[in-house]
Amino acid sequence: MTAQDREADGFDDALALVGREPPSAGQAPDPVTAPAHDPRHSHGHRHDQGQAPGKEQDRTRGAAPGHGTGPGHGAAQDPGAASATTARHHAEPWEAARALAARAAGSVPDARTASVPLDRALGRALAEPLTALTDLPSFDTSAMDGWAVSGPGPWSVRPVRDSSRAGATADAPGTRAADTADVQESDAPGVQGAGTSGVHDADDLGILAGHGAVAPLPDGTAVRIATGARIPPDTTAVIRSEHARTDSRGHLHADREVIPGQDIRPRGQECRAGDRLLPAGSLVTPAVLGLAAAAGYDELVTFPRPRVEVLVLGDELLTEGLPHDGLIRDALGPMLAPWLRTLGADVIATRRIRDDAEALCRAVTRSTADLVLTTGGTAGGPVDHVHPVLDKTGAELLVDGVAVRPGHPMLLARLSSGRHLVGLPGNPLAAVSGLLTLAEPLLRTLAGRAPRPPYRAPLRDAVHGHPHDTRLVPFVHHDEGLVPLHFNGPAMLRGIAAADGLAVVPPGGARPGDELEVLDLPWAASVDGGCFT
């Protein structure tokens, strides 16, 4: 891609210069390409506005444009949080954390499944396989507008003048083929169909879609037929209108070779009754709705969409206007609810909670959602209340920190009610990392959806890695491979806003040509259409 192309696409400034050669002696490293700073050796701070681009410091609050989180080592912490934070020195490997999140909900009980009309099934997952209730097509049909012919040509045209009686069948009680009024044979001059010669008979409607069976077609005859119409018995082939002509005596001639069976969709071509069309766990997309309707369904047995409540934590957050006097705009509140919907969830509320432990405790314990999602407050600072609240309410910490940058202070807990809580870091990109690492696999299980098959793609440009942790780096797809994006610091959204997904960079980094696992963003996903809501 040329520089002009990139500029036209509007993301030239976002392309990462991550594949540069290592800096020469005495040269300062590029803040984007340099190995990420390890915040496990730094103290938590409340504001991130002075952070250099690309620094992998995750903090609990204040990172413009959202709010951040941090490791909390060295920060003051509520004495009551001791038991909740004891294990926080061990971070789960990224792959293990995602697998644990997927297993955390177990399996969705059958009691939660429901049969819903097709117009309410979009975005849900099938609770049982989709099995064809009929052959598709259920009878031989014409694939084209044209002529149904029997035997070798030329053929005598049999006009169909009374389409309202096209449902009469040759084997109906008291009916004979010769007496069927809707198909009349005529060889008289002047009875002509459409063609390059001859005149169209305005009364000849032909066999139309939506009518019942017609009488068998005698050898040497032809009848006009519409796309989707039922094929008369004994039909040899369908000739497209543009490939045939009639003469002045009302005979039809083919302009090219006629192959038996051409342009006929035979019964059961797509499937037979009882065939399994889709497995349980498949996402119901618009195409699935169409397939289900064609296969005879009026309702589908599906899993309900999991219910999520979002709790946005922090005193420093504004819901409108420009940042001022140490206050910053809340970027996560507007972002998370629509993002969660693309992941198959129903967001029942987005609530803003001040830095008040009791208020947070009430919100968590009173929530009826399947998943409570908090933002910020996952470290050990003086107003980081998530761990103390989990400890106070008897929650079980399943994941308490993940070896991933950005976003390592994320957590997953099972509440005493049996429901779950995912604690996201407050920095915006770190929160996205937590959303895709812990919330997405958990929601997929809660929704009854099949696991997303992982896939990998080659890297175009080199990416520096963290010495010990996985990195999630925004990228765009190009013919040459994955192109990492600039502005990928934990407090930044500019890179992810232009991205197709996140590339999973192993510890130590990756070179051009290396194949990396890809996490597509739901609205850019090509795997299972996760954005249908």
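Attention in this report is confined to the structure presented alongside it. Source: prediction; values computed, not measured.

**Quick look at the overall build of the protein chain**
Piece 1. The helix and strand inventory of the protein chain stands at nine helices and 28 strands.
Piece 2. Every one of the 533 residues in the protein chain was classed for burial, and the buried ones make up 52%.
Piece 3. Taking the intrachain contacts of the protein chain between residues at least 6 apart in sequence as the baseline, contacts between residues at least 24 apart amount to 73%.

**Side note on helix H4 (residues 286-294)**
Piece 1. Those residues of H4 that sit buried are Val288, Leu289 and Ala292. For H4, the buried positions fall inside an angular range of 105 degrees around the axis, keeping them on one side.
Piece 2. Looking at the buried positions of H4, the neighbouring elements they touch are strand S4 (130-131), strand S13 (276-278) and strand S14 (299-303).
Piece 3. With its phi angle positive at about 105 degrees, glycine 296 sits one or two positions after the end of H4.

**Details of the packing of aromatic side chains**
Piece 1. Under the definition given, this model contains one aromatic pair.
Piece 2. Here the aromatic rings of tryptophan 339 and tryptophan 523 are separated by 4.7 Å at their centres, their planes lie at 70 degrees, and the arrangement is edge-to-face. With tryptophan 339 in helix H5 (residues 332-342) and tryptophan 523 in the segment after strand S28 (515-520), this residue pair connects regions lying 184 residues apart in the sequence.
Piece 3. Taking relative accessible area as the criterion, tryptophan 523 reaches 46% and is therefore assigned partly exposed.
Piece 4. Directly above the ring of phenylalanine 139 sits arginine 230, whose terminal nitrogen or CZ lies 4.9 Å from the centroid.

**Side note on the nonpolar core**
Side chains of nonpolar character tend, in soluble globular proteins, to be buried together.
Piece 1. By size, the foremost hydrophobic cluster in this structure holds 52 residues, and its most contacted members are Trp339, Leu340, Leu373, Leu412, Val422, Leu435 and Ile496.
Piece 2. The element best represented in this core is helix H8 (residues 428-446), accounting for 10 residues.
Piece 3. Each residue touching leucine 373, except ones within four places of it in the same chain, is listed here: Val308, Glu309, Val310, Leu311, Leu336, Leu340, Val422, Leu424, Leu435 and Ala439.
Piece 4. Leu360, Cys361, Val386 and Leu390 belong to the second-largest nonpolar core, a separate cluster that totals 17 residues.

**Examining unusual backbone geometry**
Across the chain, the bulk of peptide bonds are trans and the bulk of non-glycine residues have phi less than zero.
Piece 1. A cis geometry characterises the amide bond from leucine 136 onward to proline 137, with omega recorded as -10 degrees.
Piece 2. Here proline 137 shows up in the loop between S4 and strand S5 (141-142).
Piece 3. A cis amide bond links glycine 153 with the next residue in sequence, proline 154, at an omega value of 0 degrees.
Piece 4. Structurally, proline 154 is set in the loop between strand S6 (146-149) and strand S7 (155-157).
Piece 5. Positioned with a positive phi, aspartate 234 is a non-glycine residue whose angle comes to about 70 degrees.

Criteria and cut-off values
In this convention, every chain numbers its residues from 1, walking through the sequence in written order. Owing to the predicted nature of the model, reporting of local features is limited to residues with pLDDT of at least 70; listing and counting of side-chain atom pairs is limited to 80 or more, with chain, interface and lining totals taken over all residues. Side-chain numbers come from the whole structure's heavy atoms, not from hydrogens or water. Only runs of H or I of at least four residues qualify as helices and only runs of E of at least two qualify as strands under DSSP, and these elements are numbered from the N terminus. Using a 1.4 Å probe on the protein chains alone, a residue whose accessible area is under 20% of its type maximum counts as buried, one over 50% counts as exposed, and one in between counts as partly exposed. In what follows, a contact means two residues having at least one pair of non-hydrogen atoms within 4.5 Å. Within this analysis, the arc is defined by the directions that extend from the helix axis to the C-beta atoms. Aromatic contacts are taken between Phe, Tyr and Trp rings whose centres are within 6.5 Å, Trp giving its six-membered ring; a plane angle under 30 degrees counts as stacked, one over 60 as edge-to-face, and the others as tilted. Charges are assigned to positions over rings by a cutoff of 6 Å between ring centre and Lys NZ or Arg CZ, combined with an angular limit of 35 degrees from the ring normal. Think of a nonpolar core as a cluster: buried Ala, Val, Leu, Ile, Met, Phe, Trp, Tyr and Cys residues, connected wherever their side-chain atoms sit within 4.5 Å.

Don't take any of this as a statement about function, it's just geometry.
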